[in-house]
Amino acid sequence: FAALLDGHADAARALLDTAMKAADLGRISDGELVHVLQAKDGKHNAALFAALLGGHADAAQALLDTAMTAARQNRMSNEELLHLLQVENAAGLPATYVALERGHADAAKALLSTATKAAVQRRISQEELLGLLRAERPHDGIPALFMVLQTGDTRAARALLDTAMKAAHQRGISNHGL
């Protein structure tokens, strides 16, 4: 968890690789591997959320890549993968929204690009991908795109729109609007 929180991508990748190897060797169960991937701290903050919140795109990508590998190997269910991708804080704010709000476009793009891959592989539905791309605030439904355009953060807007266009192009989503 600390490696993700502090943005130590190489350390996070090494720890996650070790967890995958332990699962391969039967030293930990698939459930224990999923628990590692969905790790939370003592305050119930998910490691992925902490990495995105801190703008640690490479560390977040290490966890996301490992989760996709685990899903491909049927060590993690599609529902567990979706739960990981839909990570949010205690107030219900999606990680994508918070990362973009803080100007961490690369971190948000890591999550959204992985979600697009999951949709293309039919691990999550088009509607679930659209929900991740919209990244709406729960109390008023304001989507992340509106927020970043309102603040003038063109880099964050570009990351969100580029990912949405890539998803549409790869048939990850149909002609629904954001």
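### Points about the overall build of the protein chain
From N to C terminus, the protein chain includes 11 helices and 0 strands. Starting at the N terminus, the α and β elements of the protein chain follow one another as α-α-α-α-α-α-α-α-α-α-α. Against the globule reference of 16 Å for 178 residues, the protein chain gives a C-alpha radius of gyration of 16 Å, in line with a compact fold. Across the 178 residues that make up the protein chain, the buried fraction comes to 45%. Taking contacts inside the protein chain between residues at least 6 apart in sequence as the whole, the part at least 24 apart equals 71%. Just so you have it, the protein chain exposes about 9100 Å², and 50% of that area is on carbon and sulfur atoms. In the protein chain, the 18 positive side-chain charges and the 20 negative ones have mean positions that sit 5 Å from each other.

### Some points on the nonpolar core
Core analysis: the largest hydrophobic core is formed by 57 residues, its most contacted members being Leu48, Leu52, Met76, Leu81, Leu85, Leu100 and Ile124. Filtering out sequence-adjacent residues up to four positions away, methionine 76 remains in contact with Val34, Leu37, Gln38, Ala67, Ala70, Ala71, Leu81 and Leu84.

### Comments concerning the pattern of salt bridges
The final tally for this structure, using the stated rule, is 5 salt bridges. The closest approach of N and O atoms between arginine 13 and aspartate 65, which form a salt bridge, is 3.6 Å. Within this pair, whereas arginine 13 is found in helix 2 (residues 9-24), its partner aspartate 65 is found in helix 5 (residues 57-72), the two being separated by 52 residues in sequence. Its relative accessible area of 34% is what places arginine 13 among the partly exposed residues. With a relative accessible area of 28%, aspartate 65 lands in the partly exposed category.

### Considering unusual backbone geometry
A positive phi angle, close to 60°, is found at asparagine 74, a residue other than glycine. On the secondary structure map, asparagine 74 appears in the loop between helix 5 and helix 6 (78-85). For alanine 135, which is not glycine, the phi torsion reads 45° and is therefore positive. Positionally, alanine 135 belongs in the loop between helix 9 (126-134) and helix 10 (144-151).

### A closer look at helix 5
Taking 1.5 Å as the rise per residue, helix 5 with 16 residues should run 22 Å; its terminal C-alpha atoms sit 22 Å apart, in good agreement. Most of helix 5 is tucked away, with 12 of its 16 residues classed as buried. When we look at burial in helix 5, the residues that qualify are Ala57, Ala59, Ala60, Gln61, Ala62, Leu63, Leu64, Thr66, Ala67, Met68, Ala70 and Ala71.

### Focus: a positive patch on the surface
The grouping of Arg72, Lys109, Lys117 and Lys166 at the surface amounts to a positive patch. Positionally, arginine 72 belongs in helix 5. The class for arginine 72 is partly exposed, based on a relative accessible area of 46%.

### Examining the side chain of arginine 123
Within the secondary structure, arginine 123 sits in the loop between helix 8 (105-120) and helix 9. Among buried Asp, Glu, Lys and Arg side chains, arginine 123 stands out as unpaired, with glutamate 79 the closest opposite charge at 9.3 Å. Side-chain polar atoms of arginine 123 contact the side chain of glutamine 121, separated by 3.2 Å. Not counting chain neighbours up to four residues away, the residues in contact with arginine 123 comprise Ala71, Arg72, Asn78, Leu81 and Ala118.

### Looking at the packing of helix 8 against helix 11 (residues 154-169)
Pairs of packed helices are described in terms of their axes, by the angle between the two and the distance that separates them. Contact pair helix 8 / helix 11: the axes reach a minimum separation of 9 Å and the direction vectors enclose 10°. Put simply, helix 8 runs roughly parallel to helix 11. Counting all contacts with helix 8, which are made through Ala105, Asp106, Lys109, Leu112, Ser113 and Thr116, the residues of helix 11 involved are Arg155, Ala156, Ala159, Leu160, Asp162, Thr163 and Ala167.

Cut-offs used in this document
- Residue positions are given per chain, counted from 1 along the sequence in the order it is written.
- In keeping with the model being predicted, local features are shown solely for residues with a pLDDT of at least 70 and side-chain atom pairs are shown and tallied solely at 80 or more, while totals for entire chains, interfaces and linings include all residues.
- Water and hydrogen atoms were dropped before computing side-chain values, which therefore reflect all heavy atoms in the structure.
- Numbering goes from the N terminus for both helices and strands, where a helix is a DSSP run of H or I of at least four residues and a strand is a run of E of at least two.
- The reference for a compact globule is 2.2 Å times residues^0.38; the radius of gyration itself is calculated from the C-alpha atoms.
- Each residue's exposure class comes from its accessible area (1.4 Å probe, protein chains only) as a fraction of the maximum for that residue type: buried when under 20%, exposed when over 50%, partly exposed otherwise.
- Only heavy atoms enter the contact rule, under which two residues are in contact if any of them lie within 4.5 Å.
- Only the protein chains shown count as covering a residue, and every accessible area follows the Shrake-Rupley method with a 1.4 Å probe.
- Residues counted as positive are Lys and Arg, residues counted as negative are Asp and Glu, and His and the chain ends are not counted.
- Charge positions are represented by NZ for Lys, CZ for Arg, CG for Asp and CD for Glu.
- Side-chain atoms within 4.5 Å link the members of a nonpolar core, which is a set of buried Ala, Val, Leu, Ile, Met, Phe, Trp, Tyr and Cys residues.
- Salt bridge, as applied in this entry: a Lys or Arg side-chain nitrogen positioned within 4 Å of an Asp or Glu carboxyl oxygen.
- Expected helix span is given by 1.5 Å per residue-to-residue step, counting one fewer step than there are residues.
- Patches in this entry comprise residues that are over 30% relatively accessible and not in a salt bridge; like charges within 9 Å are linked, as are nonpolar side chains (Val, Leu, Ile, Met, Phe, Trp, Tyr) within 5 Å.
- The term polar contact refers here to a pair of N or O atoms within 3.5 Å; inside protein, the definition further demands a hydrogen-donor-capable atom paired with an acceptor-capable atom, and it admits residues adjacent in sequence only when both atoms are side-chain atoms.
- Axis lines are fitted through C-alpha atoms, for helices just across the contact stretch, and the angle between N-to-C directions can take any value from 0 to 180 degrees.
- Angle categories: roughly parallel below 35 degrees, roughly antiparallel above 145, roughly perpendicular from 65 to 115, and oblique for all the rest.

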